[in-house]
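Structural characterization, general
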Amino acid sequence: MRRIIIGVMGRGENATANDLQNAYALGQLIAKQGWVLLTGGRNVGVMDAVSKGAKSAQGLTIGILPSDNQDGISSSVDIAILTDMGNARNNINVLTSDVVIACGMGAGTASEIALALKGNKHVILLTNDEESKLFFKKLSPQNVHIVESVENAIITAKAILY
């Protein structure tokens, strides 16, 4: 039986304290569902926090890394996939995910959301950025789901998946 993969995308170095708190809680709840977590795999920001949250709940974590070496990988990533593709690895991140959750907003996150929508993937936005919500919802009203809490992100993912 194939396992469900939830991709969580968010800021690296510039993640806010709120983004990090939400990411950690998301990781825990994703793991408690028995889902596999997929991130950009680095040891910074949302990627690291969500991976740590998943590991704290005994979840399985995958990191799709932009580089060709082990430098900068989150210690909470179980399976590290080295791509040597830089930001082009964002397409792998979203296409491999059954559902994408955007935790916070930055340029890299926006690119991942756009790629997910081009791939006809469902995207859950967990962000306070009102302009981003309006922009992405307008691009794909049927595939963009806006939530205000980590718990609602999980409820929405379940509704999409089941």
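First, a word on scope: everything that follows refers to the structure included in this document. The shown structure was predicted, so the numbers you read here are calculated from the model rather than taken from an experiment. (Residues numbered from 1 in each chain as written. Predicted model: local features only at pLDDT ≥ 70, side-chain atom pairs only at ≥ 80, totals over all residues. Heavy atoms only, no water.)

1. A word on helix α3 (residues 89-96)
Note: α-helices contain 3.6 residues per turn, so residues at a spacing of three or four share the same orientation. Residues of α3 that are buried include every one of Arg89, Asn90, Asn93 and Val94, and no others. In a view along the axis of α3, the buried residues occupy a sector of 135°, so they form one face of it. Contacts made by the buried residues of α3 are with β1 (5-10), β2 (36-39), α2 (45-56), β3 (61-65), β5 (99-103) and α4 (107-118). (Buried < 20%, exposed > 50% of the residue type's maximum accessible area, 1.4 Å probe, protein only. Helix = DSSP H or I, 4+ residues; strand = E, 2+ residues; numbered from the N terminus. Arc of directions from axis to C-beta. Contact = heavy atoms within 4.5 Å.)

2. Quick look at the packing of aromatic side chains
All told, the structure shown has one aromatic pair when counted by the stated rule. A ring pair is formed by Phe135 and Phe136, whose centres lie 5.1 Å apart and whose planes are at 75°; its orientation type is edge-to-face. Among the residues examined, Phe135 registers a relative accessible area of 48% and is labelled partly exposed. On the basis of relative accessible area, Phe136 is assigned to the buried category, the value being 3%. (Phe/Tyr/Trp six-rings, centres within 6.5 Å; stacked < 30°, edge-to-face > 60°.)

3. A few points about the pairing of β3
Here β3 lies mainly inside the structure; five of its five residues are buried. Side chains Thr61, Gly63 and Leu65 of β3 all project onto a buried face; the interleaved residues Ile62 and Ile64 project onto the opposite face, where all are buried too. Relative to β3, β2 runs parallel, the two being bridged by three bridges. Each bridged residue has a counterpart across the sheet, and for Leu38 the counterpart in β3 is Ile62. Chirality of the crossover, the property in question, places the unit of β2, α2 and β3 among those that are right-handed. Relative to strand β4 (residues 79-82), β3 runs parallel, the two being bridged by four bridges. Its bridge partner lying in β4, Leu65 is registered against Leu82. (Pairing = 2+ DSSP bridges. Right-handed = clockwise from strand over helix to strand, strands pointing away.)

4. A closer look at unusual backbone geometry
The backbone phi angle of Asp84 is positive, close to 55°, even though this residue is not glycine. Here Asp84 lies in the loop between β4 and α3. Its identity as a non-glycine residue notwithstanding, Asn120 has a phi of 60°, on the positive side. Position of Asn120 relative to the elements: it lies in the loop between α4 and β6 (123-126).

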